[in-house]
Amino acid sequence: MAVTEPARLAVGRTAVLGFRIRAQQLDRESGTVADTAVLDFGVQDTGGDGAVWALACRGVDPAGIGDRELALLWTLRGAPHQYRRADLPAVAAAVRPYADEDAGKRIFDAAKPLKAAGIGPLTALDAVAEAMRAVVTRPMVKGEVSTEVTKRMPEPYLRFCRPCNATHLYEQTFRLGATRAGIELEPDTSPPVLRRIPSWRPAATVPPRFDLIRAYLRFLGPATPKQVAEFLDSPVRVISQRWPEDAVPVDVDGEKRWVLADDLDALSAGSAKVARLLAPYDLFLQARDRSLLVPSAERAKSVWVILGRPGAVLYQGDLVGIWRPRQSGRRLRLLVDLWTTPTTALRRAVAEQAERLAAYRGVTFAGVDVEG
C-alpha cells in the first residue's frame, strides 16, 4: 500500500519575501547589537555602505555601537563579516568546513596541488593557521603577513600571482586560515590590518543558532540543499548529509523547499510593508534564489553585476529598483532606477531613506534623481 505524503504548506513569492523581511528584522525601527538576529549568521562588510549600514537598516543606531562590541572576520565565502565579539568562539566553530570534501571546495583552486602532494584540505588549513598565528604577534598589514607566512609554507601551498608578480598563498586558504588561527581584521583599514583575537579559544561545539545550514533556512528560507550549498561554497552532498531533522518541506510556487518547523507560522504571515535602501551585499540580496527576488532576468542583471554593484530599493514588501550614490565632497545625491510607477508615496519613502543614508555617512543630503 502506497504511503501518502502529508499535504505541504503552499506559499508564493510575496509570503517568502515577507518571511525574510521579518526574520532579518528589516521591518523594525529600533534595536541593539545584542538583539539583532542576523549577527548570528554574520553581516557582510563589503563596500562603503557595508555591515554598519545593514545594521542601521535593522534599527540599530550606529552611534550606539561600542568600539569593541563587534569583530570583523573573513568567514563565509572568504568575505569579511561582522559578528558580536562575545560570539566569536561559537562563530569560529560554526564556520569551520564540515569535512575535507567541503574544505576542498571552499578553497577552490588551492585544493588541486594540495591533493597532488597528499595533503588534505583540513590539514592544510590547520598548517596555514599555525603559521599565521606564529607570525601575527602584533597588528600587521595583510601584505606583510602574507610575505612572512609564505616563507614558512612549502610549494603545494603557494602559487605565482600575476597581478602581484609574486609567489604567495592561495587567497582563500589565507583568508579561511586567518579565522582558524584566531585572527581578526581591524575595521576600516585598507589594505587590511590583521591582529590576534584576545583570549582566543574556539567553542568545542556549535550552538544551534549559529549552525550555518539552520541560519540559512532561518533567514533566507524556504530553501533547498543546493541553494544552501551555493551560499556556503560547499558540496550539495555535504549539506544534504547535515540537513536539519526539524526542517519541513513546503511548496514555493510549486517547488519543493524546506523551512525550520518553528518558522512555519511566520511563513504564513504574508507581506511585510517597509521601505529600505539595501546595500549591495545586504543579506536579503544574498539568497541564492535570485529569480525569486527579481523575477525579471534583465532587471536581475542590473542588480548582481560583477563590478560596481548597486544597492536595491525595498518597498512595501518587494524589490522595486536599484540605487547608486553620487557623492561630491560633503554632499550626497542618490540616483534611483525604479521598476514601478514612481508614486508620491514611493518617492517620499526613498527620499526619507536617502536622508538616513546621508546622515549615516555624515554628509549633507542633496536630493534624489529618480528614473523609471
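Here, every reference points to the structure presented above.
Computed from a predicted structure; not experimentally measured.

Criteria and cut-off values
Note that residues are indexed from 1 along each chain, following the sequence as it is written. This being a predicted model, a pLDDT of at least 70 is required before a residue's local features are given, and a value of 80 or more before pairs of side-chain atoms are given or counted; all residues contribute to the totals for chains, interfaces and linings. Water and hydrogen atoms were dropped before computing side-chain values, which therefore reflect all heavy atoms in the structure. In what follows, salt bridge is the name for a side-chain nitrogen of Lys or Arg lying within 4 Å of a carboxyl oxygen of Asp or Glu. Only protein chains enter the accessibility calculation, which uses a 1.4 Å probe; a residue is then buried when its area is under 20% of its type maximum, exposed when over 50%, and partly exposed in between. Runs of E in the DSSP output that reach at least two residues are strands. Runs of H or I that reach at least four are helices, and both are numbered from the N terminus. In this text, buried Ala, Val, Leu, Ile, Met, Phe, Trp, Tyr and Cys residues form a nonpolar core when linked through side-chain atoms within 4.5 Å. Contacts are residue-level and defined by heavy atoms, with any inter-residue pair within 4.5 Å sufficient. Between any two strands, at least two bridges found by DSSP are needed for them to pair. Working definition: the arc comes from the directions between the helix axis and the C-beta atoms, pointing outward to the latter. Every axis in this analysis is a line fitted to C-alpha atoms, fitted for helices over the stretch in contact. Angles between the N-to-C directions lie between 0 and 180 degrees. Any angle between 65 and 115 degrees counts as roughly perpendicular, while under 35 counts as roughly parallel, over 145 as roughly antiparallel, and the rest as oblique. Classification convention: Asp, Glu, Lys, Arg as charged; Ala, Val, Leu, Ile, Met, Phe, Trp, Tyr, Cys, Pro as nonpolar; all other residues, Gly among them, as polar.

**Q** Please clarify how the pattern of salt bridges should be interpreted in this entry.
**A** Where charged atoms of side chains with opposite charge meet at close range, the side chains can pair. Summed over the entire model, instances satisfying the criterion amount to 27 salt bridges. One salt bridge connects aspartate 35 with arginine 28, and the closest N-O pair in it is separated by 3.0 Å. Judged by its relative accessible area of 14%, arginine 28 falls in the buried class. Taken together, the shared-partner salt bridges in this structure form one network comprising Asp40, Arg84, Asp87, Arg209 and Arg218.

**Q** Help me understand helix H1 (residues 13-23) in this model?
**A** Think of an α-helix as 3.6 residues a turn; residues three or four steps apart then line up on the same face. Among the 11 residues in H1, 8 count as buried, and that is most of the element. Inspection of H1 places Arg13, Ala15, Val16, Leu17, Gly18, Phe19, Arg20 and Ile21 among the buried residues, and these make up the whole buried set. After H1 finishes, the residue glutamine 25 shows a positive phi value of roughly 65°.

**Q** For this particular structure, what's the right way to read the nonpolar core?
**A** Looking at soluble globular proteins, one finds that nonpolar side chains tend to be buried together. Grouped together as the largest cluster of nonpolar side chains are 92 residues, with contacts concentrated most on Phe41, Phe284 and Leu319. For this core, the leading source of residues is helix H9 (residues 212-220), giving 7 residues. The residues contacting phenylalanine 284, other than those within four sequence positions of it, are Leu17, Arg20, Ile21, Gln24, Leu26, Arg58, Leu278, Leu293, Leu314 and Leu319. Core analysis: the second largest hydrophobic core is formed by 31 residues, Ala110, Met132, Tyr157 and Ala178 among them.

**Q** What is the right way to read the pairing of strand E9 (residues 193-196) from this model?
**A** For a regular strand, the rule is simple: side chains alternate between the two faces of the sheet. Taken together, the 2 bridges between strand E5 (residues 140-141) and E9 define a ladder with antiparallel strand orientation. Each bridged residue has a counterpart across the sheet, and for valine 141 the counterpart in E9 is valine 193. Relative to E9, strand E8 (residues 183-185) is paired through 3 bridges, and the arrangement is antiparallel. Residue pairing for E9: glutamate 184 is matched across the bridge by arginine 195.

**Q** What is the right way to look at helix H7 (residues 142-152) in this model?
**A** Within the span of H7, buried status applies to Lys142, Val145, Ser146, Val149 and Thr150. An end-on view of H7 places all buried positions within 130° of arc, on one side of the element.

**Q** Any chance you could explain the side chain of arginine 20 here in plain terms?
**A** With respect to the secondary-structure elements, arginine 20 resides in helix H1. Setting aside chain neighbours within four positions, we find arginine 20 in contact with Phe219, Leu220, Gly221, Pro222, Arg257, Phe284, Ala287, Asp289, Leu292 and Leu293.

**Q** Please clarify how the packing of H7 against helix H8 (residues 171-180) should be interpreted in this entry.
**A** What describes two packed helices is the angle between their axes and the distance between those same axes. Axis separation between H7 and H8 bottoms out at 12 Å; the angle between their running directions is 100°. In terms of axis orientation, H7 runs roughly perpendicular to H8. Where H7 abuts H8, its residues Lys142, Val145 and Ser146 lie against Glu171, Phe174 and Arg175. By residue class, the composition of the contact of H7 with H8 is 2 nonpolar, 1 polar and 3 charged.

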